[in-house]
Amino acid sequence: MSDVLNYNDSCLFCKIIKGEIPSSKVYEDSFCYAFKDINPQAPVHILVVPKTHIVSCAEIDRKNSALVGHLFEAIAVIAREQGLDNGYRVISNCGPDAGQTVPHLHFHILGGKDMGEKLV
Ligand code: AMP
Ligand code: ZN
């Protein structure tokens, strides 16, 4: 994996990663950044994003899938750090039909309560 970052100048989450827009950071390493969702849907609601501009799950391919694997390693670390020992949900909305509002790949970590009815 490369440390070279590929930003999109008009992307909200790229601006957050660069520090141009403030965020509540909970985790950062060479490849990913995690911060609290501004509109939390659970006591713990964290967004985990790659430090390179990938639009959505639909753009995951052989060249960047190792980075996605790394994001899931980070998700496990973050969940432990947040004390989500009783479980949590990981969600990625992909494209308009799933209601994706920010076109930079992100995984929601939701937990800290019984997450209720499952979607699937
Ligand atoms: P999605 O709808 O799956 O694309 O998720 C985008 C998420 O980004 C939503 O849950 C928003 O609440 C969250 N969000 C939007 N702007 C910000 C921001 N400036 N800081 C933190 N979270 C944000
Ligand atoms: Zn971006």
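**Student:** What am I meant to see in the environment of serine 23 here?
**Tutor:** Mapping serine 23 onto the fold places it in the loop between helix H1 (12-18) and strand S1 (25-28). Classification of serine 23 as partly exposed rests on a relative accessible area of 30%. Spatially, the C-alpha atoms of serine 23 and isoleucine 38 are 8.4 Å apart, while their sequence positions differ by 15 residues. Beyond its immediate chain neighbours, meaning those up to four positions away, serine 23 contacts Ile16, Tyr33 and Phe35. In terms of polar contacts, serine 23 uses its side chain to reach the side chain of tyrosine 33, at 2.7 Å.

**Student:** Just to check I follow, could you spell out the coordination of the zinc ion (ligand 2) for this structure?
**Tutor:** Six octahedral donors at a metal ideally form angles of 90 or 180 degrees, and four tetrahedral donors ideally form angles of 109.5 degrees. Protein coordination at the zinc ion (ligand 2) comes from Cys11 (SG), Cys14 (SG), His53 (ND1) and His104 (ND1), with a distance range of 2.1 to 2.3 Å. Considering all 4 donor atoms around the zinc ion (ligand 2), angles at the metal cover 106 to 116° and the coordination shape is tetrahedral. Within one chain, the residues donating to the zinc ion (ligand 2) are spaced in sequence as C-x2-C-x38-H-x50-H. Highlighted residues: cysteine 14 in helix H1 and histidine 104 in the loop between strand S4 (88-91) and strand S5 (107-111), separated in sequence by 90 residues. With relative accessibility at 0%, the residue cysteine 14 sits in the buried group.

**Student:** What exactly am I supposed to notice about the site of ligand 1 here?
**Tutor:** With respect to spatial proximity, 16 residues lie near ligand 1, and among them Asp37, Asn93, Thr101, His106 and His108 are the closest. Within the contact set of ligand 1, an oxygen atom lies 2.5 Å away from a side-chain nitrogen or oxygen of aspartate 37. Residue asparagine 93 places a side-chain N or O atom 2.8 Å away from an oxygen atom belonging to ligand 1. Put simply, the parts of the chain that give the shell around ligand 1 at least two residues each are H1 and strand S2 (32-36). Broken down by element, the residue count for the shell around ligand 1 peaks at 3 residues, all from H1.

**Student:** Would you mind going over the side chain of histidine 108 with me for this structure?
**Tutor:** Along the chain, histidine 108 turns up in strand S5. According to the relative accessible area criterion, histidine 108 is buried, its value standing at 12%. A distance of 2.8 Å separates the side chain of histidine 108 from the side chain of histidine 45, its partner in a polar contact. Every residue in contact with histidine 108, bar those within four places of it in the chain, is listed here: Asp37, His45, Ile46, Leu47, Arg89, Val90, Ile91 and Asn93.

**Student:** Even after reading the chapter, I still don't get the packing of aromatic side chains, so can you show me in this structure?
**Tutor:** For any pair of aromatic rings, geometry is given as the distance between the ring centres together with the angle between the planes. Counted according to the given criterion, the structure contains 3 aromatic pairs. Look at tyrosine 33 and phenylalanine 35: their rings are 5.7 Å apart centre to centre, the planes differ by 35°, and that puts the pair in the tilted class. Each of the two residues, tyrosine 33 as well as phenylalanine 35, counts as buried. Every member of this aromatic cluster is reached through a ring pair, and the members are Phe13, Tyr33 and Phe35.

**Student:** Help me out: how do you make sense of the pattern of salt bridges in this one?
**Tutor:** Close approach of charged atoms allows side chains of opposite charge to pair. The final tally for this structure, using the stated rule, is 5 salt bridges. One salt bridge connects lysine 63 with aspartate 61, and the closest N-O pair in it is separated by 3.9 Å. Connected through shared salt-bridge partners, Asp9, Lys18 and Glu20 make up one network.

Conventions adopted
Residues numbered from 1 in each chain as written. Chains lettered and ligands numbered in written order. Predicted model: local features only at pLDDT ≥ 70, side-chain atom pairs only at ≥ 80, totals over all residues. Heavy atoms only, no water. Helix = DSSP H or I, 4+ residues; strand = E, 2+ residues; numbered from the N terminus. Buried < 20%, exposed > 50% of the residue type's maximum accessible area, 1.4 Å probe, protein only. Contact = heavy atoms within 4.5 Å. Polar contact = N/O pair within 3.5 Å; in protein donor to acceptor, adjacent residues only side chain to side chain. Donors = N, O, S within 2.8 Å, 3.2 Å for Na, K, Ca; no water. Tetrahedral: all angles 85-135°; square planar, octahedral: opposite > 155°, others 65-115°. Near = heavy atom within 4 Å. Phe/Tyr/Trp six-rings, centres within 6.5 Å; stacked < 30°, edge-to-face > 60°. Salt bridge = Lys/Arg side-chain N within 4 Å of Asp/Glu carboxyl O.

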